[in-house]
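Read off the chains here:
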Amino acid sequence: MSDTPSNKRTELAQLGEFGLIDHLTSDIKPMNSTTLKGVGDDAAVIDQGDYVTLVSKDLLAEGVHFDLSYTPLKHLGYKAAVVNISDICAMNGKTEQLLVGISVSNRFSVEALDELYAGIKLACEKYKVDLVGGDTTSSASGLFISVTVIGRAKKDEVVYRNTARENDLICVSGDLGAAYMGLLLLEREKQVFKANPGMQPDLDGYDYVLERQLKPEARVDILEKLKEAGIKPTAMIDISDGLASEVLHLAKDSGLGCRIFENKLPIDVVTGDVAAEFRIDPTTAAMNGGEDYELLFTVNINDFDKVKEMPGIHVIGHMLEKAEGEYLISNGGSLYPIEAQGFNHMRED
Ligand code: ADP
Ligand code: MG
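Residues numbered from 1 in each chain as written. Chains lettered and ligands numbered in written order. Predicted model: local features only at pLDDT ≥ 70, side-chain atom pairs only at ≥ 80, totals over all residues. Heavy atoms only, no water.

Engineer: For the sheet that holds strand β11 (residues 313-321), give the residues involved together with the corresponding values.
Structural biologist: With mixed pairing, the 7 strands of this open sheet are ordered in space as β8-β10-β7-β11-β9-β12-β13. For this open sheet the edge positions go to β8 (235-238) and β13 (335-337), each flanked by a neighbour on one side alone. Taken pair by pair, the neighbouring strands of this sheet meet at an average axis angle of 25 degrees, ignoring direction. Bridge count for strand β7 (residues 169-173) against β11 is 5 bridges, and the pairing is antiparallel. Counted as the bridge partner of Val 172 is His 314 from β11. Across the face of the sheet, helix α6 (residues 220-228) comes into contact with β7, β8, β10 (295-299) and β11 while running at roughly 15 degrees to β10. (Pairing = 2+ DSSP bridges. Helix = DSSP H or I, 4+ residues; strand = E, 2+ residues; numbered from the N terminus. Axes fitted to C-alpha atoms, helices over the stretch in contact; angles between N-to-C directions. Contact = heavy atoms within 4.5 Å.)

Engineer: Provide a residue-level description of a negative patch on the surface, including the pertinent values.
Structural biologist: A grouping of Asp 202, Asp 204, Asp 207 and Glu 211 is seen on the molecular surface, where their side chains present a negatively charged patch. Mapped onto the elements, Asp 204 comes out in the loop between α4 (178-195) and α5 (207-214). Given the relative accessible area of 69%, Asp 204 is considered exposed. (Patch = residues over 30% accessible without salt bridge, like charges linked within 9 Å, V, L, I, M, F, W, Y side chains within 5 Å. Areas by Shrake-Rupley, 256 points an atom, 1.4 Å probe, with all protein chains shown as cover. Salt bridge = Lys/Arg side-chain N within 4 Å of Asp/Glu carboxyl O. Lys, Arg positive; Asp, Glu negative; His and termini not counted. Charge placed at Lys NZ, Arg CZ, Asp CG, Glu CD. Buried < 20%, exposed > 50% of the residue type's maximum accessible area, 1.4 Å probe, protein only.)

Engineer: Can you break down the packing of aromatic side chains residue by residue, with the values?
Structural biologist: Here the structure, examined in full by the defined rule, presents 0 aromatic pairs. Across from the ring centre of Tyr 51, 3.6 Å away, lies the NZ or CZ of Arg 152, which sits over that ring. Across the ring face of Tyr 78, the terminal group of Lys 215 is positioned such that the distance to the ring centre comes to 4.5 Å. (Phe/Tyr/Trp six-rings, centres within 6.5 Å; stacked < 30°, edge-to-face > 60°. Lys NZ or Arg CZ within 6 Å of the ring centre and 35° of its normal.)

Engineer: Please provide a residue-by-residue account of the environment of Gln 97, values included.
Structural biologist: Mapped onto the secondary structure, Gln 97 falls in strand β4 (residues 94-104). Gln 97 sits 12 residues away from Ile 85 along the chain, and the two C-alpha atoms are 9.6 Å apart. Discounting chain neighbours no more than four positions away, the residues touching Gln 97 are Val 129, Asp 130, Val 132, Thr 148, Val 149 and Ile 150.

Engineer: Break down the domain arrangement of the protein chain for me, citing the residues and quoting the values.
Structural biologist: Here the protein chain is described as being made up of domain 1 (32-157) and domain 2 (169-337). Taking the mean C-alpha position of each, domain 1 and domain 2 sit 22 Å from one another. With 24 residues of domain 1 in contact, the opposing surface of domain 2 contributes 22 residues. In total, about 2000 Å² of surface goes out of reach between domain 1 and domain 2, with carbon and sulfur atoms giving 56% of it. The three residues of domain 1 that bury the most area against domain 2 are Tyr 70, Lys 79 and Cys 89, which together make up 30% of that side's buried surface. Counting the contacts that link domain 1 with domain 2 gives 4 salt bridges. With its nearest N and O atoms 2.5 Å apart, the salt bridge here joins Lys 190 to Asp 67. Taken together, the links from domain 1 to domain 2 amount to 9 residue pairs in polar contact (both at pLDDT 80 or more). Going through the elements one at a time, α2 (73-89) and α3 (110-127) are the ones with two or more residues in the side of domain 1 that touches domain 2. For the side of domain 1 that touches domain 2, the element with the highest residue contribution is α2, accounting for 9 residues. For the side of domain 1 that touches domain 2, a count of residues per class yields 9 nonpolar, 7 polar and 8 charged. (Domains from an automatic or database assignment. Buried area = accessible area lost by both parts, 1.4 Å probe. Polar contact = N/O pair within 3.5 Å; in protein donor to acceptor, adjacent residues only side chain to side chain. Nonpolar A, V, L, I, M, F, W, Y, C, P; charged D, E, K, R; others polar.)

Dropping the structure here:
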């Protein structure tokens, strides 16, 4: 394809991933009244009367999102399904169907693709999702996996990103930063193995962070707990790009500012140990690591007594009016602006 008619050429890196999405989609206005939500949330929301259909899609590219030298294909298939199911969770919905597109080079055997599908099917079984279609093509090189998920929710149960309110509490499920530490370990062992092919990887004691990287889960259990407790989050997003990036989405899309407290961030001891080994501040891992697939949500302050007692849920901050900006309050009491560093594959930093 040639350049644009004016011969103007803008590098993708100038816009970054979010800038590019905004550039391509900001002029799109839904024409169908059934399109309740188009671009701009974890899933699109389609009106079906008293319930809605939720649709989301994620594309994984070899060499960008996964490295097959340390990612078993079965794990990759599982993860490809789970990260999509997580987006439906982030809308407070239940995933019911998924479609799988693969583009695959002749470097892969039938047995290899069987492994990939074993992982996808395992996730489908665990989350009670039906694999209902997809597409298969050859690729010039490498493997691409595109999963589309379809979910369902009652109309009044859907939770958007842009509906947090001033003084709402900011909560997160599980713990943060572990998946990134797992990735650093796997990358390190890959380099060691390249230099000394005879050496066995030394990954004893690191199971937790490796599992968080290779086998994430979608937090359907947290949605159930919230429902049982009678709590409907006021806004919600899943953490794929790191807490910093996601909390900025919640705040900016809701037209608010926020405060996150460093001493409230849930970080597993193994994550802390690995961070120390890599001389990385665990807070940086938690804020910018990404791929935790935990849920980040806001609740009304009146729900504080309920959420503070719930295992697996941590209150880490609160929303404020927009003029207050978005800041992390460090253990020492200093304010640091929250900046999205996340996994912005297209941006040169
Ligand atoms: P998530 O991290 O939850 O998967 P993304 O950051 O990938 O979400 O996407 C943000 C929003 O932009 C979503 O509504 C998504 O559907 C939309 N989007 C992403 N890429 C494109 C694209 N190429 N064209 C149109 N919409 C897109
Ligand atoms: Mg998401």
